[in-house]
Amino acid sequence: LVLDAGAGTTPPERGGLARLACDLLSEGAGGRPASEMAAWLDGLGAAFDATATYDAARLSVHAMNDQLAEVMEYLAAVARRPDFVPEEVARRRAMHLDRLRRRIDEPAEIAADALDAALFGGHPYGTPLVGTIESVERLAADDLAGFWATTARPDTACLVVCGDVDPGDAVAAAEREFGDWTAPADAAPPRVPPQPGRPVRAGDVLLLDRPASRQTELRIGGIGIERVAPDEAPALVMNAILGGLFSSRVNLNLREDKGWTYGARSALLRRRRPGPFILRTAVATDTTAAAFGELLEEFERMREEPPPPEELELAANALTRSLPLQFQTASQLAGRRAEAVTYGLPDDYWERFPERIGAVAPGDVREAARRLLDPGGLVLLAVGAVAGFEPELRRVGPVHVAAADGATAEPGATAEPAP
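I will try to describe carefully the structure that is included in this document.

Analysis parameters
- Residues numbered from 1 in each chain as written.
- Predicted model: local features only at pLDDT ≥ 70, side-chain atom pairs only at ≥ 80, totals over all residues.
- Heavy atoms only, no water.
- Buried < 20%, exposed > 50% of the residue type's maximum accessible area, 1.4 Å probe, protein only.
- Helix = DSSP H or I, 4+ residues; strand = E, 2+ residues; numbered from the N terminus.
- Arc of directions from axis to C-beta.
- Salt bridge = Lys/Arg side-chain N within 4 Å of Asp/Glu carboxyl O.
- Contact = heavy atoms within 4.5 Å.
- Axes fitted to C-alpha atoms, helices over the stretch in contact; angles between N-to-C directions.
- Parallel < 35°, antiparallel > 145°, perpendicular 65-115°, else oblique.
- Nonpolar A, V, L, I, M, F, W, Y, C, P; charged D, E, K, R; others polar.
- Disulfide = S-S within 2.5 Å.

1. Here we look at helix H15 (residues 362–372)
- Buried within H15 are the following residues: Val365, Ala368, Ala369 and Leu372. Seen along its axis, H15 keeps its buried residues to an arc of 100°; they face one direction.

The structure is reproduced here in structure tokens:
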């Protein structure tokens, strides 16, 4: 069951609301307590999962074909009638907060959250999907119930059934459990609001200080593309060549040639609105500035030189020849259909995907790189012992230093770039 109940519908001060609501769906529904819900699911021999991304909430049940009617009843109960019992909410919220407290001690998580905040600020994309300690502490049972009543609604929902079942039986079961589901009188909230202006100037360098660290979490980020974008195919090929594969340029440079890292990768996180382009790696403190320099040189080479045919072919094959592995099980097929529903993909999207990737020319890759890897649109970020690399990074751009204490990264003391 795909619902427009993602984290993109919630403001930053309510961060983590969508994820926590999904965690609570099976902890009591329709007057059945959590223990009874668990026994019900066990009796069906089924597995239930509920999760929220920025763009949607997805509730899924995996069961034997002959349990279709009973499974549909369970799915309707958790989707339509979750109880959000205050005691259960308090218990799951405490578990969630424990995870968040552990998370803010992880340099990789600090870097990820700080980069999102730098790129998106007060937009939902600037807040972690799991929220922050401050936002989750404020969430109560009434907040979860209100959110679910507003966003989990039939006029923006889609039910996907995949398996060796009779379509008529599936429709009958769905009608029986969901046929009388009515939408609230109020209009559905916007899926994801437009992105505001960026809070951190492009070209700036953000340094989060952890004086005892011997390793630096290093990030370069910018605004990428949305899930359905005209230049999607060239952008995907460009990313594969740059850092999307083990054999990509940045990994071969920093790992295989220099021996500075266990791995360097880049990714285009495509969402309903343009998501982030992120390059991530971790290096020793004394190679931080040099690693930034190597990465920026790789960016410039992508922008100036079209890739050679053999590199283009390798990237295209990596993106297309693995596709059959993603359509093997009923769960995978249902997931792909749910993805198509969430993002409005055409029915022949995956059939035509290899053709679109194969049509990408070297010049198309260079143009995608010129747009996505423009130094004027990127933010550089490092989490580590700042004293070991700050002086060298002043030559890259304006430097902002803050403590890596898990708080949202805001520009602190600024050092202008050296001449």
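2. Here's the deal with the pattern of salt bridges
- Within this structure, the stated rule accounts for 31 salt bridges.
- A salt bridge links Asp23 to Arg99; its shortest N-O distance comes to 3.9 Å. With a gap of 76 residues between them, Asp23 in helix H1 (residues 17–24) and Arg99 in helix H4 (residues 86–103) connect regions that are remote in the sequence.
- Between Glu217 and Arg219 there is a salt bridge, with the nearest N and O atoms lying 2.9 Å from each other. Considered together, Glu217 and Arg219 belong to a single accessibility category, that of buried residues.
- Each of the salt bridges in this network shares a partner with another, and the network as a whole consists of Arg227, Glu232, Arg270, Arg336, Glu339 and Arg356.

3. A short note on the environment of Pro12
- When you line up the elements, Pro12 lands in the loop between strand S1 (2–3) and H1.
- When the C-alpha atoms of Pro12 and Arg219 are compared, they prove to be 23 Å apart, with 207 residues separating the residues in sequence.
- Beyond its immediate sequence surroundings of up to four residues, Pro12 is in contact with Gly122, His123, Thr127 and Ser135.

4. As for the packing of helix H9 (residues 232–244) against H15
- Interhelical geometry of H9 versus H15 gives an angle of 85° and a closest axis separation of 8 Å. Judged on the interaxial angle alone, H15 and H9 are roughly perpendicular. Residue-level inspection shows Pro234, Ala235, Val237, Met238 and Ile241 of H9 in contact with H15, the latter providing Asp364, Val365, Ala368, Ala369 and Leu372.
- Its residues placed into classes, the contact of H9 with H15 shows 9 nonpolar, no polar and 1 charged.

5. Here's the deal with the environment of Leu25
- Among the secondary structure elements, Leu25 is positioned in the loop between H1 and strand S2 (28–29).
- When the C-alpha atoms of Leu25 and Ala79 are compared, they prove to be 7.1 Å apart, with 54 residues separating the residues in sequence.
- If we ignore the near neighbours within four places in the chain, the residues touching Leu25 are Ala50, Leu59, Val78, Pro82, Phe84 and Trp148.

6. Brief notes about the state of the cysteines
- Following the criterion strictly, the structure yields 0 disulfides and no others.
- Just so you know, Cys22 is unpaired, no disulfide at all, and the nearest cysteine sulfur is the one on Cys158, 16 Å from it.
- In this structure Cys158 comes out as partly exposed when scored by relative accessible area, which is 24%.

7. Structural notes on the environment of Ala152
- If you trace the backbone, Ala152 turns up in the loop between helix H7 (141–151) and helix H8 (167–178).
- Taking the C-alpha atoms as reference, Ala152 lies 44 Å from Met302; in sequence the two are 150 residues apart.
- Apart from the residues lying within four places of it in its own chain, the contact partners of Ala152 are Leu3, Phe147 and Trp181.

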